[in-house]
Amino acid sequence: MHLTNHRSWRKIVTKCILLQTQQCRRATNHARINKVLIANRGEIACRVMRTAKKLGVQTVAVYSDADINSMHAEMADEAYNIGPPSSQESYLRGDKIIDVAKRSGCEAIHPGYGFLSENTEFAELCQVSKIVFIGPPASAIRDMGIKSTSKSIMIAAGVPVIEGYHGDDQSTAKLKEEAERIGFPVMIKAVRGGGGKGMRIAFTASEFESQLESARREALKSFGDQAMLLEKFVEEPRHVEVQVFGDHHGNYVHLFERDCSVQRRHQKIIEEAPAPAVSSSLRAELGQAAIRAAQAVNYVGAGTVEFILDRRTHAFYFMEMNTRLQVEHPVTEMITNTDLVEWQLKVAGGEKLPLSQEEILLRGHAFEARIYAESPNNNFMPGAGPLHYLSTPLPSTDVRVETGVRQGDEVSVHYDPMIAKLVVWGENRTDALMKMRAQLAEYNIIGVDTNVDFLIDLCNHREFISGHVHTNFIDHHHSELLVEKSPSDSMIVQAVLALVLNEKLEAQKAAAASSDPFSPFSSEMGMRLNHLLVRNIKFTCGKKAVSAQITYKRPDGYLVKVDGADKEHEVFGKLSSTDNKLEMICYVDKQVMKSRVVVSPTDVYLFTKDGSCRFSLPVPKFMTQQMVGGGASGGDTAVAPMPGVVEKLFVRSGDIVKLGDPLLVIIAMKMEYIIRAPRGGQVEKVNCSVGESVSKNAAVVKFVEEAEKEADN
């Protein structure tokens, strides 16, 4: 039985739990946790395991068929398969997870974040099964998870709440009426869940219904509930949240605030603690309001109270409470010198909070950057695929790399596309930001598009440096942050040198492996062939075609002309291999430049302090023909912009559509995307079905060609 999809199951569990009063729950005997099951995957599963192992707690992992070779499955003391790749058949199957916990002898389950972490029924099922749920009581999850209920509780607790509609009447007519009463723009939000799922903004009445239906579909898919609430949309607010913690003994503390304002698709992309431009008095107000919120629902464990902060007046309003550990919890750990997972395990075992409010000290500043497989210049479209090359910064006391993948692993279409979290600490905000910029440049990935270069540009933006952040920051500075960059002559020269030096390095390796002194791979023969040789090299970088002419002036020196220019650049340099990384020192016109280099048969990748650049070599015609196929894009074909699973079809063969009409919905990385008609016309064939997986650029719908229609007429 699917725990999240059957309301009858929820009712059965709820009836069981009603027999046990809150007083009984508080009086439950807690014992030290010796073995814990982590009901999650990837980065957060690995993060929980590290702390558990530090405390001597045994760990049990669960994994889907897609994660059979995953880091978290290998890292655990034991690991159990729980089903197919789809999260609905694996990580959301609470019954399977409980069964594994019982079979493996676990006393507790840590849900991480996402999946079942804020699922009331799962928390209740853990209790009925006499397994400790490492999180708050089910009642707190229910009260704070249903946003309409949480608003009422917050009002009663004296926590400021923004105007909106949180009623039971969920008819489209009623919601539209309330939206018009509140006034546009209006935020439409799923009453359950978080992470930006089931959330849309309706700026006008005319688009309200389409945005509402889209939010409903996504919410039903993500949380099994399509109930919505409405809020007045505050333009350019700040998103400030407070970390709170409670124990079974009635003790509550806050661990200061985080700023998570810079977002795309209503999802956080970079966080920091403490929040910039927040006075000590405002910090105290936020902290006390968050504690009142936690006390109002008898909260236990780690939680986060999220506020909308007016960046001009500094008035703040309760937005929601996340009844779990947050993705961005490491920045709080860095500024308070704490381990919140350790706190979770100890509190779940019945211990008191390790520190009182007076003992929690704020020190320095921390940033967390979320590294995603996505294309920022393509509306942050999520991606999937293998990580052919992965080089990360070196972890230290003030640099953390939180990840669940290694080189060679794959970013799966079935789950969130986050690759890692890079966390840094500094004595102050400026120091921390400089460190973040430097460490991002050390995060080098090949195989999927990522947001690393975008994050570097963001950290270099003058307004971000000044701390002038708000939730529309990316849109407001779109023209500066999201621009197609053309490679400079310097970058082109470095790419040419990297290609040549790598060829020379490979020739030397081949010569060393050959016993024939007259072999064509001989280093001497290579030098004679290259002496005073003139060679033309062509690349493409993004959409730009570039060319260079290189003259071999001496064994280690070259003259390079770019795109037919008269100017010759004097170039020489060297490649050195360190820890399986190719480092290049390049001297261009007497200027020294350093970069990391990866050369493949089809590409040259440069990773510099300012970001990365990919130079592609011409692909032979026979390979191009093999690569073209279903993924070709054109006016007669609608293609999938990313790999995903077909959720819904709106058309079939023979249908007549107009430009922009919805054709189908695909779900990828927990995101819903509507594929629309590239032109008006008649559908010739639908090349996919509901539930089918499609690859990026797959031709999902083919139209009758215009020429064919004219011939018929």
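The structure under discussion appears in the preceding block.
Computed from a prediction, not measured in an experiment: that's the story for all the values here.

Asks: Give a detailed account of the nonpolar core, specifying residues and quantitative values.
Replies: By size, the foremost hydrophobic cluster in this structure holds 38 residues, and its most contacted members are Val262, Ile270, Ile419, Leu458 and Phe464. Secondary-structure elements contributing two or more residues to this core are strand 17 (365-372), strand 22 (399-403), strand 24 (418-426), helix 14 (429-440), helix 15 (452-460) and helix 17 (473-476). Considering each element in turn, this core owes the most residues, 6 residues, to helix 15. Every residue in contact with Phe464, bar those within four places of it in the chain, is listed here: Val262, Ile270, Glu272, Phe367, Arg429, Leu433, Leu458, Cys459, Val469 and Phe473.

Asks: So what's going on with the environment of Leu361? Residues and values would help.
Replies: Within the fold, Leu361 resides in the loop between helix 13 (340-348) and strand 17. The exposure class assigned to Leu361 is exposed, which follows from its relative accessible area of 58%. Residues Leu361 and Ile335, spaced 26 residues apart in sequence, show a C-alpha to C-alpha distance of 8.0 Å. With near-sequence residues (within four places) excluded, Leu361 lies in contact with Phe256, Ile335 and Thr336.

Asks: Please set out the packing of helix 6 (residues 120-128) against helix 7 (residues 138-145) residue by residue, giving values where relevant.
Replies: At a minimum axis distance of 8 Å, the contact between helix 6 and helix 7 shows a crossing angle of 175 degrees. By the angle between their directions, the pair helix 6 and helix 7 is classed as roughly antiparallel. Residues Thr120, Ala123 and Glu124 of helix 6 lie in contact with helix 7, whose contacting residues are Ala138, Ile141 and Arg142. Along the lines of polarity and charge, the residues of the contact of helix 6 with helix 7 split into 3 nonpolar, 1 polar and 2 charged.

Asks: Lay out the pattern of salt bridges with the relevant residues and their values.
Replies: Opposite charge on two side chains lets them pair, provided their charged atoms get close. According to the stated counting rule, one finds 53 salt bridges in the structure shown. The shortest N-O distance in the salt bridge between Glu74 and Arg406 comes to 2.9 Å. On the criterion of sequence distance, the pair formed by Glu74 in helix 4 (residues 71-75) and Arg406 in the loop between strand 22 and strand 23 (410-411) is long-range, its members being 332 residues apart. The class of Glu74 is exposed, set by a relative accessible area of 53%. Accessibility expressed as a relative area gives 25% for Arg406, which makes it partly exposed.

Asks: Which residues make up the packing of aromatic side chains, and what values go with them?
Replies: For the coordinates displayed, the defined rule picks out 15 aromatic pairs. Arranged with centres 6.2 Å apart and planes meeting at 85 degrees, the rings of Phe203 and Phe233 form a pair that is edge-to-face. With Phe203 in the loop between strand 8 (199-202) and helix 10 (208-223) and Phe233 in the loop between strand 9 (228-232) and strand 10 (238-246), the pair connects residues that are 30 residues apart, well separated along the chain. By relative accessible area, which is 10% here, Phe233 ends up buried. Plain terms: the ring middles of Phe464 and Phe473 are 6.2 Å apart, the flat faces sit at 70 degrees to each other, and that makes the pair edge-to-face. According to the relative accessible area criterion, Phe464 is buried, its value standing at 1%. Directly above the ring of Tyr372 sits Arg264, whose terminal nitrogen or CZ lies 4.4 Å from the centroid. Residue placement shows Arg363 over the ring face of Trp425; its charged tip is 4.5 Å from the ring centre.

Asks: Lay out the environment of Ala108 with the relevant residues and their values.
Replies: Here Ala108 lies in strand 4 (residues 108-110). Owing to a relative accessible area of 0%, Ala108 belongs among the buried residues under this scheme. Separated by 71 residues in sequence, Ala108 and Leu37 have C-alpha atoms that sit 6.4 Å apart. Discounting chain neighbours no more than four positions away, the residues touching Ala108 are Ile33, Lys35, Val36, Leu37, Ile131, Val132 and Ile134.

Asks: Please give an account of helix 10 that cites residues and values.
Replies: Compared with the 22 Å implied by 1.5 Å per residue over 16 residues, the 22 Å span of helix 10 between its first and last C-alpha is a close match. Taken from the residues just after helix 10, Gly224 is the one with a positive phi, measuring 70 degrees.

Asks: Go over a negative patch on the surface, please, and point to the residues and values.
Replies: On the surface, a cluster of negative charge is made up of Asp168, Asp169, Glu177 and Glu180. Positionally, Glu177 belongs in helix 9 (residues 172-182). Of the residues examined, Glu177 reaches a relative accessible area of 47% and is grouped as partly exposed.

Definitions and limits used
Residues numbered from 1 in each chain as written. Predicted model: local features only at pLDDT ≥ 70, side-chain atom pairs only at ≥ 80, totals over all residues. Heavy atoms only, no water. Core = buried A, V, L, I, M, F, W, Y, C linked by side-chain atoms within 4.5 Å. Buried < 20%, exposed > 50% of the residue type's maximum accessible area, 1.4 Å probe, protein only. Helix = DSSP H or I, 4+ residues; strand = E, 2+ residues; numbered from the N terminus. Contact = heavy atoms within 4.5 Å. Axes fitted to C-alpha atoms, helices over the stretch in contact; angles between N-to-C directions. Parallel < 35°, antiparallel > 145°, perpendicular 65-115°, else oblique. Nonpolar A, V, L, I, M, F, W, Y, C, P; charged D, E, K, R; others polar. Salt bridge = Lys/Arg side-chain N within 4 Å of Asp/Glu carboxyl O. Phe/Tyr/Trp six-rings, centres within 6.5 Å; stacked < 30°, edge-to-face > 60°. Lys NZ or Arg CZ within 6 Å of the ring centre and 35° of its normal. Expected span 1.5 Å × (residues − 1). Patch = residues over 30% accessible without salt bridge, like charges linked within 9 Å, V, L, I, M, F, W, Y side chains within 5 Å. Areas by Shrake-Rupley, 256 points an atom, 1.4 Å probe, with all protein chains shown as cover. Lys, Arg positive; Asp, Glu negative; His and termini not counted. Charge placed at Lys NZ, Arg CZ, Asp CG, Glu CD.

Treat this as a map of the structure, not an account of what it does.
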